[in-house]
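What follows is the residue order along each chain.
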Amino acid sequence: DQQVKQNSPSLSVQEGRISILNCDYTNSMFDYFLWYKKYPAEGPTFLISISSIKDKNEDGRFTVFLNKSAKHLSLHIVPSQPGDSAVYFCAARVNGGSQGNLIFGKGTKLSVKP
Amino acid sequence: DAGITQSPRYKITETGRQVTLMCHQTWSHSYMFWYRQDLGHGLRLIYYSAAADITDKGEVPDGYVVSRSKTENFPLTLESATRSQTSVYFCASSSDLNEKLFFGSGTQLSVL
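It should be emphasised that the depicted structure is a prediction, and the values quoted were computed from it without experimental measurement.

Student: Please explain the side chain of Ser49 of chain A as it appears in this structure.
Tutor: Residue and element names in this part refer to chain A. Positionally, Ser49 belongs in strand 5 (residues 45-51). Looking at Ser49, its side chain comes within polar contact range of the side chain of Tyr32, at 2.8 Å. Apart from residues no more than four positions distant in its own chain, Ser49 is found in contact with Tyr32, Phe33, Leu34, Asn57 and Val64.

As structure tokens, then:
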């Protein structure tokens, strides 16, 4: 059963507009959420994170929102730029989990058109 | 160069062969991880290591072997490669179990 779900495989946005990438999770024990960005032929790189005790975290053009009651988080990119075109992975961590690993979603491919 | 490096970048092998993917990090991070990325599955954890000589299974460990004799190296071995192990493999490291991961550039493995 998939614990972290990114239901949109792809998203296309015009340059300058807002990109909204969504992520749903099922495990209420998750206490920390991260977004990773991945360009082709490169490894994922950390983008932004949020603790379960917060509902918003902002870093420049990137903002992550967390709705715990809905078990939903979203990544907003404003304004979107062509260089933001990449695959975005949502990841979640289990509080005190024995494995300590991140659970990743399947990713959403963002295309920002000039 | 500082960071985390994987080798080879690309590898083609045949079913039944043994193949080892290398991972080296220069940060002295305690934790190292191996993930595989497949279409429709995202990133899945194969094995991870908390320190030298300490390893543990992840979500998809079958068919893989790891070792960690030195903190900086974490090789992944496919003892008898199968076509289902065709994938892109990413090594990652972190300073602490709950810190963000730093990923290598990946190894694209094709098993024919």
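Student: Whenever I open this one, the packing of aromatic side chains confuses me. Can you help?
Tutor: The way to describe two aromatic rings as a pair is by their centre distance and the angle between their planes. Counted according to the given criterion, the structure contains 15 aromatic pairs over all chains. Consider the rings of Tyr36 of chain A and Phe104 of chain A, whose centres lie 5.8 Å apart with planes at 55 degrees: the pair is tilted. Separated by 68 residues along the polypeptide, Tyr36 of chain A in strand 4 (residues 30-38) and Phe104 of chain A in strand 10 (residues 102-104) bring together distant segments of the chain. Exposure class is identical for Tyr36 of chain A and Phe104 of chain A. Each is buried. Ring centres of Phe90 of chain B and Phe103 of chain B lie 6.4 Å apart, and the angle between their planes is 85 degrees; this geometry places the pair in the edge-to-face category. Placement of Phe90 of chain B in strand 9 (residues 87-94) and of Phe103 of chain B in strand 10 (residues 102-103) is noted, with a sequence separation of 13 residues between them. We note that Phe90 of chain B, like Phe103 of chain B, is buried. Members of the aromatic cluster, each reached through a chain of ring pairs, are Tyr36, Phe46, Phe89 and Phe104 of chain A together with Phe33, Tyr35, Tyr48, Phe90 and Phe103 of chain B. Residue placement shows Arg9 of chain B over the ring face of Tyr10 of chain B; its charged tip is 5.8 Å from the ring centre.

Cut-offs used in this document
- Residues numbered from 1 in each chain as written.
- Chains lettered and ligands numbered in written order.
- Predicted model: local features only at pLDDT ≥ 70, side-chain atom pairs only at ≥ 80, totals over all residues.
- Heavy atoms only, no water.
- Helix = DSSP H or I, 4+ residues; strand = E, 2+ residues; numbered from the N terminus.
- Polar contact = N/O pair within 3.5 Å; in protein donor to acceptor, adjacent residues only side chain to side chain.
- Contact = heavy atoms within 4.5 Å.
- Phe/Tyr/Trp six-rings, centres within 6.5 Å; stacked < 30°, edge-to-face > 60°.
- Buried < 20%, exposed > 50% of the residue type's maximum accessible area, 1.4 Å probe, protein only.
- Lys NZ or Arg CZ within 6 Å of the ring centre and 35° of its normal.

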